[in-house]
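A closer look at the structure
Below, each chain spelled out in residue letters.
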Amino acid sequence: MANRRPKKPRTGLPSFGAPSELDIPSTAQQNPSSSASSTRNIGPTAPPALTTICARVFVENFLKLRENEDTWSRASESLAALPDSLIPKIFAMLRNLYPTYLAHEVIVTHFLRGPSVTLRKDLTGVKRRTILDIARFNPSVRELELTSFDDIPDTTFADLIRNLPCLRSLTLRGCTKVGAESMRAVAQVSPELQVLNLNYTSVTPASLAPVVRACSRLEVIKLAGIQNWTDVTLARFSADLPDGFKLSVLHTLKLRQTSITDASLNRILKICPALRRLDISFTLIRHPTHLLSSSLVPALEKLSLTSTAVSPGDLVDVIRLLPGLRIIAMGAMGANRGSRASIGNTSAMAITDDALLSLTSVLEQLQHIEKISLVGNTKVGLSSKHPSAVSTFIGRVGRKCKDLNLAGIHAIRSCDLSGLMATDGNTVSPLETLNLNNTAIDDEAGLYIAACSSLKTLAVAGTKMTGLPQFTLPPLICYSTFGQKKGSSRL
């Protein structure tokens, strides 16, 4: 009797918002995710540029070139002769392939030039002196990204920034010791700054005030995961700004995973008249009056409210005032995961089938909607009504999007996807990304998914699907198979 292959242990995906490897500060900084996908490369539709081919050959043979001193000497001369504009591209390819083989000397000699410089903590050759050497080798750098250097003191970043007067974009994401000294340096020498990413740092509202006063061209500010952004600290921020002050060109603001409440948000929105993209997910927001007033609400194109306590009724009213909305995230509504509970009865804020039908009516009126996330709304799909609220939503709204995330809605069944199919008067769905992870769909869903001829990314991890052999799908770039409940998926 032939030996049977041992069964692999079942691997399930974590529940929405549960800790994972993405919670490590050096990666996603506690950025919850509900998708787990494997990717496969599709062949290019056009020949790559000659510079790209040469860069790939160099990167693939980098370790061999380093083994021989004479060979590396000639390669170094060739690197030195390359134009500055190509260096960031080659360095990015090397970072992804050999993060532990790039020594300090190699980095500072060859890769700290060009219009942008990016260094991450997983580059083991990067030391404190490597960071300081950026100013010595490339004082005119315009875009600087330093990520997850949680052991480098604030004074080091400040010393560097003071010697970089041409910065237009500064990312210090995950550099947890960045604070007041670095912000003083930015305010002193970077008046032309347009993009500032301070996610998961220690920058307080008070220390940011001099920056926003000095940098009148700021277009993007990101402050995710900074717990000292509270109503009390933001009151100090507002007091440090002159009367009538406006961030007149700011179009993107990220306050995700901070401890702000409605009062703080209203104060912030008053000084951001040009705002187009707002992320207040995982905050203590409950009743954002500034977003509920037709005379005050900014013309948002993107709004992220995931895991807040905004009621379904307020959500409908907010969307109704945003006719230009393109992207909206409404995941796990009522399941607040901020630093403390914002309300006592979060179940009243959850999206139910009735709430989804109300949302469908208002979302259907949006002419430019492209991306919707309802991830983790576990009370959706529990009603026995026919047609189901999910099916109605998909048929009237979801199928018109390019990106639809329904992951973690456990009650979704295959028949709920029937709205994906074209009917009389409906064109073929433009859907390119569909996330159905951790739903109750089975192989029957393939019939409806196959109707999406533009689909590029499909996530069906943690479902009952065993494969799609009887249906023809477009060539998917990304197809999730990890953590399925039974069988193996195939195309």
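Whatever comes next refers back to the structure up there.
Residues numbered from 1 in each chain as written. Predicted model: local features only at pLDDT ≥ 70, side-chain atom pairs only at ≥ 80, totals over all residues. Heavy atoms only, no water.

A count of helical and extended segments in the chain gives 15 helices and 15 strands. The burial tally for the chain puts 50% of its 491 residues in the buried class. (Helix = DSSP H or I, 4+ residues; strand = E, 2+ residues; numbered from the N terminus. Buried < 20%, exposed > 50% of the residue type's maximum accessible area, 1.4 Å probe, protein only.)

This brings us to the packing of helix H10 (residues 231–239) against helix H11 (residues 262–270). In contact at an axis separation of 9 Å, H10 and H11 are set at 25 degrees when each is read in the N-to-C sense. If you check the angle between H10 and H11, you find them roughly parallel. In this structure, the crossing between H10 and H11 has a hand that is left-handed. From H10, Asp-231, Leu-234, Ala-235 and Ser-238 reach across to H11, where they touch Ser-264, Arg-267 and Ile-268. Residues belonging to the contact of H10 with H11 are distributed by class as follows: three nonpolar, two polar and two charged. (Axes fitted to C-alpha atoms, helices over the stretch in contact; angles between N-to-C directions. Parallel < 35°, antiparallel > 145°, perpendicular 65-115°, else oblique. Left-handed = near helix turned anticlockwise from the far one by under 90°. Contact = heavy atoms within 4.5 Å. Nonpolar A, V, L, I, M, F, W, Y, C, P; charged D, E, K, R; others polar.)

For the coordinates displayed, the defined rule picks out six aromatic pairs. When the centroid spacing of 5.0 Å and the interplanar angle of 10 degrees are considered together, the rings of Phe-91 and Phe-111 count as stacked. Highlighted residues: Phe-91 in helix H4 (residues 87–97) and Phe-111 in the loop between helix H5 (104–110) and strand E2 (116–120), separated in sequence by 20 residues. Look at Phe-91 and you get buried, because its relative accessible area is 2%. With a centroid separation of 6.1 Å and an interplanar angle of 50 degrees, the aromatic rings of Trp-229 and Phe-237 are classed as tilted. Like Trp-229, the residue Phe-237 is buried in the burial classification. Pairwise contacts between aromatic rings join Phe-58, Phe-62, Trp-72, Tyr-98 and Tyr-101 into one cluster. Over the face of the ring belonging to Trp-72 we find Arg-66, whose NZ or CZ atom lies 4.9 Å from the ring centre. (Phe/Tyr/Trp six-rings, centres within 6.5 Å; stacked < 30°, edge-to-face > 60°. Lys NZ or Arg CZ within 6 Å of the ring centre and 35° of its normal.)

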